[in-house]
Amino acid sequence: MDKANKKDYSKYAVVMEKIVKRFPGVLANDHVDLFVERGEIHAIVGENGAGKTTLMNQLYGLINSDSGKIYINGAEIKIRNPNDAINAKIGMVHQHFMLVDRLSVVENIVLGMEPVYGPFFARDKARKQINELSKRFGLFVEPDAIIEDLPVGIQQRVEIIKVLYRGAEILILDEPTAVLTPQETEELFEILRALKSQGKTIIFITHKLHEVMAITNSVTVMRLGKVTGVVKTVDTNPRELARMMVGRDVLLRVEKGEAKVGKEILRVEDLHVNENRGLEAVRGLTLSVKRGEIVGIAGVAGNGQTELVEAITGLRKVEEGHVIFKGVDITNFSPKKRRDMGMGHIPEDRLKHGLVTAFPLYYNFILGKHDDPQFCDGEFLKMPDIKRFSDELVKRFDVRPPLINLLGANLSGGNQQKVIVAREISFGPDFMVVSQPTRGLDIGAIEFIHKTIISMRDKGVGVLLISMELEEIFSLSDRILVMYEGQIMGEVTPQETTTEEVGLMMAGHRLEDLRTQEA
Amino acid sequence: MNAWIQAIINVFINPIFYKSTLNQSTPLILAALGGVYSETTGVVNIALEGIMLIGAFGGVVGSYFTGNPWYGLALGVLLGVAMAALHAWASIRYAGDQIISGAALILLAQGITGFSLVELFGKPGSTDLVRSIPLVNLGSFENVPFFGKIFNSLSPLVYIAFASVAFSWFLIYKTRLGLRMRSVGNNPEAADTLGVNVYNVRYFGVLMSGVFASLGGAFLSIGELGQFTENMSNGRGFIALAAMIIGNWSPTGAMWASILFGAASAFNDQLQSQGILHLATNTQYLFGMIPYIITLIVVGGLVGKSRAPSSDGIPYIKD
Amino acid sequence: MANGLKKFYMNDKIVVPVFAVITSLFIAAIVMIMIGKNPIVAYGALLFGAFGTKGALINNLMKATPLILTGLSVGLGFRAGLFNIGANGQLIIGALLSTYIGTKMIAYPFYLSIPIMLITGMVGGALWAAIAGWLKVARGAHEVITTIMLNYVAVFIANYVVNGPFQAPGGVPKSPEIAYSARFPNLITSGATWLSAGIFVALTAVVVVYILIEKTKMGYEVKAVGFNPYAAEYGGISIGRNTVMAMAISGALAGLAGTMQVMGLYYRYLGALGGSMGFDGITIALIGQNDPIGIAFAAFLISSIRAGSNQMQIAGVSKNIVIIIQGIIIFLVATNRLVKTFMFWKRKEVEEA
Amino acid sequence: MRKYLVAFLALVLVLGTIGMSITVFFVTDTGGLGDKSFNDSAWAGVEMAAKKYDVTANVIQSYEQADYIPNLTAAAQVSDVVVAVGFMMQDALAKVAPQFPNTKFIFIDGVVKSPNVENFLFKEQQGAFLVGYLAAAMTKTGKVGYVGGIPIPPVLRYQYGYEAGVKTYNVLNGANVQVLSGYVGSFDDPAAGKSMTNSQFSEGADIVFAAAGLSGLGTIEAAKDAGKGHFAIGVDQDQDYLAPGYVLTSAMKRVNVAVFDGIKSVVEGTFKGGTITLTLKDNGIGMSPMTYTKQLVPKPIFHQLDVLKKAIIDGKLVVPGTKEAFQAFQVPQIQF
């Protein structure tokens, strides 16, 4: 027993010891230790890029450690690939769902461990097993539905069942609430509690501190690849966690003055837009944005926000209704014409829409204005002018490294976002659609971008902000619209509402119903 | 005009038109199936044309040196699989550009067959005659009106082609392996996280494309003729590729599209063979372009209905 | 210095194609040894056939002329994210159309008829390619399939036309000859071979395409669409217009290649005047890494191998060896990761040790 | 340096030819050797000459059309006789031949007017006429077939000659044999050739004449598959051996004889240049000896063929070789 005392990990479900993982140019995990007790919910918190996901990917065998040891239930094991992890009864629900969207729920769940009759896939057996799991953990799904037809919350359930189906005793959930409504989040927490009560161990990656407080037993905080703190949840508070996460006190709210609201600049009337598969995603939506205000659109991802943004910016066909900009009906205008009229756009997916990663920065800085006389003389690009302009922006927005010949792909996420923001602002828009401006950024970059958006507002620019982060919506918006299944559930101001009320609207309740119920 | 209507009716009431359709579809079906296997797992394979050619060549070489056409078939398939393995190696192991690798293999197949033809048979152009795979005689079924004429004396490869369609349908939609193939073609990352070996499944898909495309090629050489001639696949690999797309990447769809092409070609032959039509000689060029124009129209008109596997053509690189 | 040298080696834009070419020649040499031929004699003959005499060099440059253009055609397509396998069909239609115009140019002076010919050829190729571009944009049809189909259709159209409505007297399937004023002047003549002014057109095209890609708005837009169509659309660049445009320019270059054959070599539409130039364009674009200057060199490389291969036959090596060499080159360029692994693994070991 | 290299290489290439009296270079068209047509046949002629005389034989195959001029030039530089085949080479040869007045050129299937070029043309229609007549006489079904490769002039001459032969049989014997004709669209797709032949069989033809290069191999295969009572007719060379008993006969075009004669004239110093049209009369055109099928044909038909052959040779019967001539063709009165 004395010998074991030295390294008795038997009470821990998971121990990761001195884990080192190097990526080209980055030390993603620098001698990280992690101790997770059996049957607890353990949070790993940290900013994006702190190395949380990297650490968990090693536990799940998706990537291999450069050095370090892993113990499961006290015994050291090697995890070289997901199969090893599955054999060790570890399961992982990834931030981006790992679902094959053209296959059915059943097929996704059993993939890799299919019940068979000889060589044939035993669909009926699979269905039965899944129904049993559903019942036991209260996770209801339709076994034969095709994944791409299901809402995100259900897809997440499928992910969890998938893990349970593999007999996982240790569940890793990577930012599971990012795409959920507050109500769905609460449902998820219920499920997690149920799992815990049945003896499962849960590792919960997040950067939302109130969630940590709400559900976990203990917390490991990471920053820049290192562990900066291990605490019991009951012994800590959000402010302390935040300090450990970022290394200094954070301003959780942005300073902003009264809005000086001007004339209406954008009006959307009874808009109908279809998503890629031809189903209606925006269903008769009406809204209006004035100069000098920030209108925030809250909502769970996938409720038509993307389609709304694309319809306003001209990237998607409008089926019915109107988009009126500066008094002109621009419903059928090309993206280019809208830009020329003074519309800016910070897109939700910076790698898909915002940047041409194979272009050098100086080309990225003129995207959308490349044919402006400033950069283009007839058919020919004015290269010296373009480079001078890019040099200025790099300095003004503190893009690092400040080299305009670098390819877009060579920058970090935060700096890529800075390039996009810098570009859009430099074009001097009167109105700007800002979609998920801080997704995946660290707190420093978030602060910078929030301040920039506020200063734009103060200069009289109308801003339409779309974000999945309620905190962001609350701290930036002058008015909040809540979007659910392609419609506006109600309009509120941050001062007169609560996250609960907005959450209910995000789940499909209309404001007037809520208020009448109250009354 | 009446002569035309009469001629077209004549074509459709002639059982040989249907038999010819079967014969002309067979190599397309087999090669298109090859395409389905490869692309279901997410690897684009435009090298079908080259694999057919090498399969045709291998068939004749094997039959020539052993005197047994079935060994020829085996050799053809072996060479086809070898060529597919090169493609797999380039596009899976080394994440190469799949279309470019395919284009390279088409050239390689032409070069290798042309070159080896001279080295092995001492003369260019065509090989000596070899034993071909004996046709299947249905005995008294031959006397059944109409159908007897269609089905009598078909190459066993015709039956193999249709059996392969059924087999492939079952494999892809009803077995564990098929489920894994589809998952790997649509979301290799997801499959990987569940312990499915993406590379192995893709290798399987591409190697199977070698099996079927080379069977299609071997049909041309030892199924139909008993001889290899230079470049005898003559664009059928590309048509098979088109058939696979029109058939929405499914074995049965690819089969129907192949039959469509086979029928177009058989129709062309049969129509020209109508004594009552005295066609100007250069009108045959106008007939000749029909299958290609059909493809253009169908490919152009099938948007939305035809959907490639999501990760088709994208190499999977594990960090 | 050492750093600069290292940079040069590490630059896979140069390393990969050079490695591919050398490896393929090496493999071909092994094949030759296996069949009992002396590769030194064979490659000697190849060099002789490509550069040995004035006539050989002229012939080499004449072959390079259309290859530069088809190489540019395919390369420009790649830049726009399009795989134009249809250079052959575009070349045929361009040649056919310019030949037709060329036969009507008898009354025109050369300074009118030559530009008219060039333009017609380009327009022909551009329109043919634009069909594939349009099908991709409007109907979502993949250009690899459509251009292959359009190649076949072009061949049938050409055969139909030169066997009927546009046939020279005598029943031979070739068109009448174009007017003298529509022909390129010969720069150098050696025996029955000559170098036509078409080489200047091809070299001019290299410069024009370089400027187009690197210095113009259109080049910027086309590249943006090629690299990331979503971002391009977001930036107000029309994907549809630029895809069709890129396809059309690509086709125009291929059409011009066909016109070169008409104006500088055959003076009529004759049989398979495109040969395998469309497919060769793929090899050339890949070796040249889609860079116009690189493409010019790559075209010269391939034309040299082609010109030399005829002499190689006299040394007893089959013409198929050239196809094999070309196939290996493309294969190795496609698997550039393989090449890089192969080139650098030793160095890595040294570094890590 | 470069000069030495050139000299060395030239030496290497020419070395083999020293001490020989005559060097022959054969330049193929893009069809190349193995086309079962004029390239193969011409090469057979070159080899025949090489066997008989003190001649070294070489061949250059053209990869693409643009190679014609350089290949002819390269060949002309190092040889005494250059053999070129195919009307597609006509333009190229017209440019090369005058450059090498000391080299003799033998050209098949086209005409280049230059004193050092001897052109050989063939009246393919005459041979086709005879096999057409034979086919019409032999058919049990009243229908015969014709499968062409691509409708180029020699192939068209085969077609019209064949149809004229059938028509002549009909007129002279009061029969009504029909010709089903079609084109495969390619000279190198035997599978397509077979399919077209099967179509013609299914439409009632029992004898099919293929003038389709390698595609014609499919016709022979089809006849073999179809079994007794079905025949193919070969083309250009004696193809009877390819499927003994199923190839009724072959319409022969003796390119090999032409090439051989041409080389012979150079060897013997009688080369004159100009154009020679080979016909039935001089045996440049003919029917195969029907090694395997002779016994199947009734004697009187051979007699009739002989009479017709004589009529053609005597000029009493002019066989049409073009569409216009065929449309104007009237069957003359012939007494058997």
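Residues numbered from 1 in each chain as written. Chains lettered and ligands numbered in written order. Predicted model: local features only at pLDDT ≥ 70, side-chain atom pairs only at ≥ 80, totals over all residues. Heavy atoms only, no water.

Undergrad: Lay out the interface of chain C and chain B in plain terms, naming residues and giving numbers.
TA: Facing 42 residues of chain C, the contacting portion of chain B comprises 44 residues. A per-residue breakdown of the area chain C buries against chain B is headed by Met149, Phe156 and Phe331 of chain C, which together make up 16% of the total. On the surface where chain C and chain B come into contact, there are 0 salt bridges. At the boundary of chain C with chain B, the tally comes to 3 residue pairs in polar contact (both at pLDDT 80 or more). Where the side of chain C that touches chain B is concerned, the elements lending two or more residues are helix H6 (110–139), helix H7 (143–162), helix H12 (277–287), helix H14 (320–334) and helix H15 (336–352) of chain C. No other element matches the 12 residues that H7 of chain C contributes to the side of chain C that touches chain B. Across the side of chain C that touches chain B, the residue classes break down as 28 nonpolar, 12 polar and 2 charged. (Contact = heavy atoms within 4.5 Å. Buried area = accessible area lost by both parts, 1.4 Å probe. Salt bridge = Lys/Arg side-chain N within 4 Å of Asp/Glu carboxyl O. Polar contact = N/O pair within 3.5 Å; in protein donor to acceptor, adjacent residues only side chain to side chain. Helix = DSSP H or I, 4+ residues; strand = E, 2+ residues; numbered from the N terminus. Nonpolar A, V, L, I, M, F, W, Y, C, P; charged D, E, K, R; others polar.)

Undergrad: Describe the environment of Asp236 of chain D, listing the residues and the values that go with them.
TA: Residues and elements named next belong to chain D. Tracing the backbone shows Asp236 in strand E9 (residues 231–236). Sequence separation between Asp236 and Met287 is 51 residues, and the spatial gap between their C-alpha atoms is 9.5 Å. When sequence neighbours within four positions are dropped, the list of residues in contact with Asp236 reads Lys36, Ser37, Phe38, Tyr158, Ala251, Met252 and Lys253.

Undergrad: With reference to specific residues and values, describe the sheet that holds strand E11 (residues 218–223) of chain A.
TA: By way of backbone hydrogen bonds, the strands of a sheet pair with one another, either parallel or antiparallel. Residues and elements named next belong to chain A. The 6 strands lie next to each other as E6-E9-E10-E3-E11-E12, forming an open sheet whose pairing is mixed. Lying at the two open borders of the sheet, with one neighbouring strand each, are strand E6 (90–93) and strand E12 (226–232). Each neighbouring strand pair of the sheet contributes to a mean axis angle of 20°, computed without reference to strand direction. Direction of pairing for E6 relative to strand E9 (residues 170–174): parallel, over a ladder of 4 bridges. When the sheet's bridge partners are listed, Val93 is paired in E9 with Leu173. Contacts from helix H6 (residues 152–165) reach E6 and E9, with the element oriented near 170° to E6. Across the sheet, helix H7 (residues 182–197) lies against strand E3 (41–46), E9 and strand E10 (201–206), angled at about 150° from E10, the strand it touches most. (Pairing = 2+ DSSP bridges. Axes fitted to C-alpha atoms, helices over the stretch in contact; angles between N-to-C directions.)

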